[in-house]
Amino acid sequence: MSAGNEGDALCFFINGKKVTENHADPETMLLSFLREKLRLTGTKYGCGGGGCGACTVMVSRYQPATKTIIHYSANACLLPLCQLHGAAVTTVEGIGSTKTRIHPVQERLAKAHGSQCGFCTPGMVMSMYTLLRNKPQPTMEDITQALAGNLCRCTGYRPIIDGCRTFCQETSCCKANGVGNCCLSGEESTAKSELEEPMLFDKEEFLPLDPTQELIFPPELILMAEVANPKTLTFHGERMTWVSPTSLEELVQLKSSNPQAPLVMGNTNIGPDIKFKGVLHPLIISPTRVMELFEVTQTPQGVWFGAGCSLSEVRSLLEKIVLQFPEEKTELFKALIQQLGNLGSEQIRNVASLGGNIMSAYPNSDLNPVLAAGNSKVNVISFGGRREVPLNQDFFVSFGKTILRPDEVVVSVFIPFSRKGEFVRAFRQAPRKESSFATVTTGMRVLFLEGSRVVQDVSIYYGGMGPTTVRAAKTCAALRARPWDDETLSRAYDILLDELALPPSAPGGKVEFRRSLALSFLFKFNLEVLQKLREMNVITDELPEEMRIQHLPRVIQPSLQEFQHVSKDQSDQDPVGRPIMHRSAISQATGEAVYCDDIPRTDGELFLALVTSSHAHAKIIGLDVSEALQLPGVVDVITAKDIPGKKVRSMFGYDEELLAETEVSCVGQMICAVVADTRAHAKRGVAAVKISYEDLPDPVFTTEEAIEKSSFFEPRRMIERGNVIEAFKSVDQIYEGEIRMGGQEHFYMETQSMLVVPVGEEMEFNVYVSTQWPTSTQEAIAETLGIPSNRVTCHVKRIGGAFGGKVTKTAILASITSVAAWKTNHSVRCVLERGEDMLITGGRHPVLGKYKVGFMNDGRIMAADIQYYINAGNTVDESVLVVEKILLHMDNAYNIPNLRGRAAACKTNLPSNTAFRGFGVPQSIMVVENMVNDVAVVLGRPADQIREVNMYKGLSTTHYKFEFSPENMLRCWEECKAKSDYSARRRAIDQFNQQNRWKKRGISVIPIKYGIAFAESFLNQAAALVHIYRDGSVLVTHGGTEMGQGIHTKMQQVASRELHIQPSKIYISETSTSTVPNTCPSAASFGTDANGMAVKNACQILYQRLEPIRQKNPKGSWESWVQAAFFEKISLSATGFYRGPDLYMDWDKMEGQPYAYFTFGACFCEVELDCLTGDYQAVRTDIVVDIGRSVNPSVDIGQIEGAFMQGLGLYTLEELKFSPSGLLYTRGPSQYKIPAVCDVPLLFNVYLLSDSHNPHAIYSSKGIGEPVLFLGSSVLFAIKDAVAAARSESGLVGPFTLSSPATPERACLACATPFTQKIPVSKPGSFKLWALNI
Ligand SMILES: Cc1cc2nc3c(=O)[nH]c(=O)nc-3n(C[C@H](O)[C@H](O)[C@H](O)COP(=O)(O)OP(=O)(O)OC[C@H]3O[C@@H](n4cnc5c(N)ncnc54)[C@H](O)[C@@H]3O)c2cc1C
Ligand code: FES
Ligand code: FES
């Protein structure tokens, strides 16, 4: 190793400023350097593993060979600092700021309402900015590709896409998305929307994009890059050394003396291994400056690509080559291009190298099966010389291992040209269409004897079918030298099935699905080959339409958002009812918005990391922290014994321990916490804590196990109207069914974060915390420390998304952190890693719903008996309240005269579940709607008709005797059907389904009736504090927290109307317990209703106080009145209060008025399903919602779209997987897929019901945060409709189960194609499942 002890200086640029780092630590990633060292906190930490895009930055480099500058987006969380020597990095702060000028990307994203909580916004901005640097007039496809790796949990992406769309020059055409009329044909209403007022934003106002305004590439870096003999660089860190050689010889030398040292190129494999698996590499070799690894050489047989080329470079080179050569020569190239388009995200492809992908030897690598099928080879070098090694079945030895020796370096990869009569194809199916590792991926190649259909050579490789890339050798043998016809293929399927037999408990699960995908891909290959043979006139029979392969539609169209104008009489200055931009959107887009972890470090600040249980149910028999305490930087370990006050949080008579003392009841339960000077040291401390356990018998994980063992949290609830038992006796038909719904992870982009600062006297603490309920956190800390609440002030500036997950769990985490702050007398920060957050904090309750329904032949449902079981986890948390809300919503839109519901919260040894947007309603109604759907299927009638027959009509009473008018619900329903052209779509779909065997379309229309406010009456209150300062500026504080839902924007609008001043004079700084005490949670869609009234009250008091002054000087300005009032000793500060409705629910009498009113809506959805793979696309969604008179249509439409997409995730995509021992496998965006840009319905229209008024809420508006989430189920029901069409082709009719989420796996298996039917089903109980069915 050539490294000396003195490290080199690392030199690069950030936002045009030179950075020289004399002690660059190889373990430091760019993200922590930016955030912690340079205090550039605009770049966010969302996952740390390249899966969310929150940390996106632009990297620019000068390439001396071509004398060009390249710009690419990258994930700062995976970019080693040491890799950046000679690079220029641009962060969100570098492209624009409110102090100078904001960049058009920042402006457009903000003004198009593409920023809610704003945590994802800087990453979005940087992905889009990088695209524009490379292509100032991008296409929509470019935009969706650029944003594919950026997750947003709030907006539903539509406004982000629309903001970015304003940079496109092209007219985006849907190309009819497969069927029906094209958007340009004039028959769709989209074009009309352009002309109609009002609009959510006016693109004419936007700053033009001016590429000349961008930062120039630093000339110093060009000089640096052109240095003739660059020297080896060495950087030493605390535990690692980094060496960056400049020549191949030196690289080989280094590798031969350090064969175990990894070569770090893109760091997309090594990085996650270090971070998540704790792998430590004392030496890292970084060959990114070795030119030979980047050379591309063409030969008559093919092209050698340098192993160091990034996947993006490889893709763009392949695209160029494809244009230069005859089609027949580039079959393999095209297959690779296709795979590269779907592999990871743009940020990953920009850094991940070709050699790295091959050498990582992932079992589901997308490239290896194609390269292997295409007869590629690698050129490797070592001290002993060079050799060529074919990429074939022998190359991939085992999981993550290849045949190459550790001292060998891959120099280049040979990708051969194809020959005449040779076809290469690639297929993949992933849990999410983009930015997701494949479930199964394949490369297939066949060569025919010239002019014949006889197979001369064939090669088939799969990824995802075992621990390595595998070859289907026997299948190939069965195809070779035989004619490509039905008989040969049919034998091949059987052999393939036999050859790739995954054991039923294979790691990764989905065994049946994976096996059927393997068959389906061969079938798809068959279709493509037949098509080709037909084109080449080798076969002459016309292929039937159904034998042609068609891809799912992908083009996202401009959509419609319809809302009401404000009245003509409303003053221009009054913002209420107008689509005002989120008040922090610009700061969020520039990265200036401050989140909890952006607060600068205080002097002596410590970091807290949690030690959690690795056993599901066990006694703690030993806790040894001695080794941890010896580690550098570790200050203390906090255990339950350190808690000076109450050691538990109590709910419903159950105690939840803050830190487990003697026993654990789930994997992930918090046991103790390590406090250290840095995050890294705290984490190393955690790894060194030793805990010994004695397992307790029979942990309970699944709902069924809990039922069997009567493991419930009491009280269980029951409600009944009419007499179900009697009613069943007189119905025409009875049907019994069940549906299982999985849970859901909140996946707020900002993980749980808090900073507890001891003031230093009289036990006073300032707490900066990301919580929806500051008062609860304040109380929890006070109880834990045994001090009065008046010593604890909680401050919440903004929250990077919450969705119910930052109420109870945050209070517990903050309590533990406060113990550390109290004990050490230092400020202590705790910010959970994504994986910890997912493991510890629980989410939405999984539900098992069983129903018995009695109905008449005309469709009227006369009786329904529904039993709900929710998997609550190891503590009660809010589960009993969830149970209650489930029962209160079980009627949804339907007047079922005899209705009984029973619900129980199961106590299991899984992490405790908690509140999540909708609070049980999405689960409750899912069961009911599934039941109604089943009735329709049994009767052979369209589901919408059965829904209509049973809907509430006229003045109605719910099953808990609450009177209401369903008029607006029925209006939403009718309007939704009309706007979506439901009947015509139904006919078009029936026709489509007749013409297509392997693709089916389905539709659904679903209603919602959602109760607003808290059934716990005391929570229906709010307060506000409004100060007017002497310069006329106004500071508003209220009890609501800003978590992206725009409450501060709405409160600003309220104050503006009531004080008759411009919104710009009004500021909202934070929510704090010292300004507004005893707040209620920002939840239950009630934030605006309650706090709006409180702010209104305070403002009216103040306005009234100014009345005498105004009368004296009616022509005076606001400022002059305020000044005069001060001199006349009139108080310019007022509190406002709102005493909300007295709601109640009497569970003994089974009656009450638990809600203030209902928000109504209806949603149409159309999907297209690939029956062979289960892949689907929501083609169109139309949502009509009654939200009264919207206070802010852009904010409300944002809530509607965001909730719909979160519902789409819940019902079709997001899957939590637990191991048989209760460990959550899905602990990050790589394993847990929330919707991404690719999931947005291609046409996504939202209409706010006109002429609706609501006497129960501020300015006649209605709460909207939660209700629409359930409407995401329309996608599941549309998939179910499509599946039913597929099943009927297999002769299957009648109800069938499609559990939620309706993932591609479930949809495909439910289709019962000839391929899925071939898969033998293993006998339940005969094997251990890879994942629990909780
Ligand atoms: C969020 C995310 C999503 C992803 N999605 C996909 C996907 O959908 N499909 C897919 O196929 N992959 C996917 N990947 C994997 C990704 O493609 C690989 O991690 C990447 O290609 C590895 O390249 P790298 O340059 O980053 O390797 P590094 O992490 O730098 O190195 C990986 C390994 O390769 C070795 N190595 C690198 N170069 C050489 C060489 N020239 N000679 C010898 N050994 C070498 C190193 O020693 C090391 O062991 C994803 C990764 C992430 C993080
Ligand atoms: S934080 Fe880097 S991708 Fe998520
Ligand atoms: S605005 Fe995108 S995550 Fe909140």
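Within each chain, residue numbers correspond to sequence positions counted from 1 in written order. Both sets of labels track the order of writing: A upward for chains, 1 upward for ligands. Whole-chain, interface and lining totals are the exception, using all residues; otherwise, since this is a predicted model, local features are given only for residues with pLDDT of at least 70 and side-chain atom pairs are given and counted only at 80 or more. Note that water and hydrogens are dropped before the side-chain values are worked out from all heavy atoms of the structure.

**Q** What should I look at first to understand the overall build of the chain in this one?
**A** Scanning the chain for helices and strands turns up 37 helices and 50 strands. The C-alpha atoms of the chain give 31 Å as radius of gyration, which agrees with the globular expectation for 1334 residues (34 Å, within 12%). Dimensions of the chain, computed from C-alpha atoms along their principal axes, come out at roughly 90 × 80 × 70 Å. For the chain, buried positions account for 65% of its 1334 residues. Every residue pair with non-hydrogen atoms within 4.5 Å of one another is taken to be in contact. Relative to all contacts within the chain whose residues are 6 or more apart in sequence, the contacts with residues 24 or more apart total 78%. In this description, accessible areas are obtained by the Shrake-Rupley approach with a 1.4 Å probe, and a residue is regarded as covered only by the protein chains that are shown. When the accessible surface of the chain is split by element, carbon and sulfur atoms take 51% of a total near 46,300 Å². The helix and strand labels rest on DSSP assignments: H or I over at least four residues marks a helix, E over at least two residues marks a strand, and numbering proceeds from the N terminus. Just to be clear, the radius of gyration here is over C-alpha atoms, and the globule rule we use is 2.2 Å times residues to the power 0.38. We call a residue buried when its accessible area falls under 20% of the maximum for its residue type, exposed when it is over 50%, and partly exposed in between, using a 1.4 Å probe and counting protein chains only.

**Q** When you look at the sheet that holds strand S9 (residues 296–299) in this model, what are you seeing that I'm missing?
**A** Either a parallel or an antiparallel arrangement is found when strands of a sheet pair, and the pairing is made through backbone hydrogen bonds. Judged by pairing direction, the sheet is antiparallel, and its 5 strands sit side by side in the order S9-S10-S15-S11-S12 without closing on themselves. Only two strands of the sheet have a single partner each, and these edge strands are S9 and strand S12 (385–390). When the angles between neighbouring strand axes are averaged without regard to direction, this sheet yields 20°. Packed onto the sheet, helix H11 (residues 311–324) meets S9 and strand S10 (302–306) and runs at close to 160° relative to S10. Angles here are taken between N-to-C directions and fall from 0 to 180 degrees, while the axes themselves are lines fitted to C-alpha atoms, restricted in helices to the stretch in contact. Running at roughly 120° to strand S15 (residues 409–416), helix H12 (residues 331–342) makes contact with S10 and S15 of the sheet. Two strands pair if DSSP finds at least two bridges between them.

**Q** Any chance you could explain the site of ligand 1 here in plain terms?
**A** Around ligand 1 there are 32 residues in total, and Met265, Gly266, Thr268, Ser353 and Asp366 lie nearest to it. Within the contact set of ligand 1, an oxygen atom lies 2.9 Å away from a backbone nitrogen or oxygen of Asn269. Out of a free accessible area of 980 Å², ligand 1 has 93% covered by protein chains. Among the secondary structure elements, those contributing two or more residues to the shell around ligand 1 are helix H14 (354–360) and S15. We call Asp, Glu, Lys and Arg charged. Ala, Val, Leu, Ile, Met, Phe, Trp, Tyr, Cys and Pro are nonpolar, and the rest, Gly among them, are polar. Here the residues of the shell around ligand 1 are counted per class, giving 15 nonpolar, 14 polar and 3 charged. The rule for a residue being near a molecule or strand is that one of its heavy atoms must lie within 4 Å of it. Here a polar contact is recorded for every N or O atom pair within 3.5 Å, except that within protein the pair must consist of a potential hydrogen donor and a potential acceptor, and residues adjacent in sequence are included only if both atoms are side-chain atoms.

**Q** Sorry, what's going on with the packing of aromatic side chains here?
**A** The description of two aromatic rings rests on the distance between their centres and on the angle between their planes. In this analysis, rings of Phe, Tyr and Trp, with Trp reduced to its six-membered ring, are considered paired at centre separations within 6.5 Å, and the interplanar angle assigns stacked below 30 degrees, edge-to-face beyond 60, and tilted for intermediate values. Under the counting rule described, the total for this entry stands at 33 aromatic pairs. Where Phe523 meets Trp998, the ring centres are 5.1 Å apart and the plane angle is 70°; that geometry is what we call edge-to-face. Taken together, the residues span a long stretch of sequence, with Phe523 in helix H18 (residues 511–535) and Trp998 in the loop between helix H31 (982–995) and strand S40 (999–1012) at a distance of 475 residues. Of the aromatic side chains, those joined through ring pairs into one cluster are Tyr952, Tyr960, Phe962, Phe964, Tyr1155, Phe1158 and Phe1160. Taking NZ or CZ as reference, Arg997 lies 4.2 Å from the ring centre of Trp998, over its face. Put simply, a charge is over a ring when the Lys NZ or the Arg CZ is close to the ring centre, within 6 Å, and near the line of the ring normal, within 35 degrees. Its guanidinium or amino end placed over the ring of Tyr1103, Arg1110 lies 3.5 Å from that ring's centre, counting from NZ or CZ.

**Q** Looking at this structure, how should I read the pairing of strand S2 (residues 17–21)?
**A** Side chains on a regular strand alternate between the two faces of the sheet. Two elements, strand S1 (residues 10–14) and S2, share 5 bridges in a ladder whose sense is antiparallel. What sits directly across from Phe12, in S2, is Val19.

**Q** Explain unusual backbone geometry here, please?
**A** Both trends apply: most residues other than glycine have a negative phi, and most peptide bonds are in trans. Going from Glu714 to Pro715, the amide bond is cis rather than trans, its omega being 0°. Its location among the elements puts Pro715 in strand S29 (residues 712–721). Residue Ser1300 is joined to Pro1301 through a cis peptide bond whose omega torsion reads 5°. With phi around 65°, Lys961 is a residue other than glycine that occupies positive phi space. With respect to the helices and strands, the residue Lys961 is situated in the loop between strand S38 (956–957) and strand S39 (963–964).

**Q** What should I look at first to understand a negative patch on the surface in this one?
**A** By definition, no residue in a patch forms a salt bridge, and every one has over 30% relative accessible area; like charges are joined within 9 Å, nonpolar side chains (Val, Leu, Ile, Met, Phe, Trp, Tyr) within 5 Å. Counted as salt bridges are all cases of a side-chain nitrogen of Lys or Arg within 4 Å of a carboxyl oxygen of Asp or Glu. When charges are counted, Lys and Arg are positive and Asp and Glu negative, with His and the chain ends excluded. Note on charges: their place is set at NZ of Lys, CZ of Arg, CG of Asp or CD of Glu. Taken together, the side chains of Asp655, Glu657, Glu661 and Glu663 define an acidic patch exposed on the protein surface. With respect to the secondary-structure elements, Glu661 resides in the loop between strand S25 (654–657) and strand S26 (663–664). For Glu661, a relative accessible area of 34% puts it in the partly exposed group.

**Q** Just to check I follow, could you spell out the confidence of the model for the chain for this structure?
**A** The predicted coordinates of low-pLDDT regions are not to be read in fine detail. The predicted model of the chain has a mean per-residue pLDDT of 95, with 97% of residues at 70 or higher. Note on residues 174–195: pLDDT under 50 across the span, and 40 contacts to partners over four residues away in sequence or across chains. For every residue, the pLDDT score states the predictor's confidence, bounded by 0 at the bottom and 100 at the top.

**Q** Could you clarify how one ought to interpret the sheet that holds strand S22 (residues 618–624) in this entry?
**A** With antiparallel pairing, the 3 strands of this open sheet are ordered in space as S26-S22-S28. Looking at which strands have only one partner, the edges of the open sheet turn out to be S26 and strand S28 (690–695). By the bridge criterion, 6 bridges tie S22 to S28 in an arrangement that is antiparallel. Opposite Gly622, over in S28, you have Ser692 as the bridge partner.

**Q** Honestly, the pattern of salt bridges in this entry has me stumped. Any pointers?
**A** Two side chains that carry opposite charge are able to pair once their charged atoms sit near each other. Under the counting rule described, the total for this entry stands at 81 salt bridges. A salt bridge links Arg239 to Glu27, with the shortest nitrogen-to-oxygen separation between them at 2.9 Å. Of the two residues, Arg239 is situated in the loop between strand S6 (233–236) and strand S7 (241–244) and Glu27 in the loop between S2 and helix H1 (30–37); the sequence distance between them amounts to 212 residues. The exposure class assigned to Arg239 is partly exposed, which follows from its relative accessible area of 35%.

**Q** Would you explain the nonpolar core in this entry?
**A** Think of a nonpolar core as a cluster: buried Ala, Val, Leu, Ile, Met, Phe, Trp, Tyr and Cys residues, connected wherever their side-chain atoms sit within 4.5 Å. The biggest cluster of nonpolar side chains holds 222 residues, and the ones touching the most others in it are Tyr157, Tyr868 and Phe1204. The element that contributes the greatest number of residues to this core is helix H28 (residues 921–939), accounting for 10 residues. Beyond its immediate sequence surroundings of up to four residues, Tyr157 is in contact with Met124, Asn150, Leu151, Cys152, Met1205, Pro1235, Ala1236, Val1237 and Val1240. Grouped together as the second largest cluster of nonpolar side chains are 72 residues, Ile270, Ile337, Leu371 and Ile415 included.

**Q** Would you take a moment to explain the environment of Thr130 for this structure?
**A** Mapped onto the elements, Thr130 comes out in helix H4 (residues 121–134). Between the C-alpha atom of Thr130 and that of Val59, which follows or precedes it by 71 residues, the distance is 8.8 Å. Excluding its chain neighbours within four sequence positions, the residues that come into contact with Thr130 are Met58, His71, Tyr72 and Ser73.

**Q** Would you mind going over the environment of Arg947 with me for this structure?
**A** Its place among the elements puts Arg947 in helix H29 (residues 943–950). Arg947 gets classed as buried once you look at its relative accessible area, which sits at 1%. Sequence spacing of Arg947 and Arg902 is 45 residues, and the spatial spacing of their C-alpha atoms is 23 Å. Each residue touching Arg947, except ones within four places of it in the same chain, is listed here: Tyr894, Glu929, Val932, Asn933, Trp973, Val1005, Ile1006, Pro1007 and Phe1277. There is a polar contact of 2.6 Å between the side chain of Arg947 and the side chain of Glu929.

**Q** Would you explain H4 in this entry?
**A** Residues three or four positions apart in an α-helix share a direction because the helix packs 3.6 residues into each turn. Between the first and last residue of a helix there are one fewer steps than residues, each counted as 1.5 Å, and that sum is the expected span. Helix length check: H4, at 14 residues, gives a terminal C-alpha distance of 20 Å against a target of 20 Å (1.5 Å per residue), a fit within 8%. Across the 14 residues of H4, 12 count as buried, placing the element largely inside the fold. Residues of H4 that are buried include every one of Thr121, Pro122, Gly123, Met124, Val125, Met126, Ser127, Met128, Tyr129, Thr130, Leu131 and Leu132, and no others.

**Q** Would you take a moment to explain the environment of Lys977 for this structure?
**A** Here Lys977 shows up in helix H30 (residues 967–979). Of the residues examined, Lys977 reaches a relative accessible area of 16% and is grouped as buried. Separated by 132 residues in sequence, Lys977 and His845 place their C-alpha atoms 32 Å apart.

**Q** Would you take a moment to explain the pairing of S15 for this structure?
**A** Counting buried residues along S15, 8 of its 8 residues qualify, which places the element largely inside the surrounding structure. Bridge analysis of S10 against S15 gives 5 bridges, and the strand direction is antiparallel. Following the sheet pairing, Phe305 is matched in S15 by Val413. Two strands pair when backbone bridges link them, and strand S11 (residues 377–382) and S15 are joined in this way by 5 bridges, in the antiparallel orientation. When the bridges of S15 are listed, Lys377 appears paired with Phe414.

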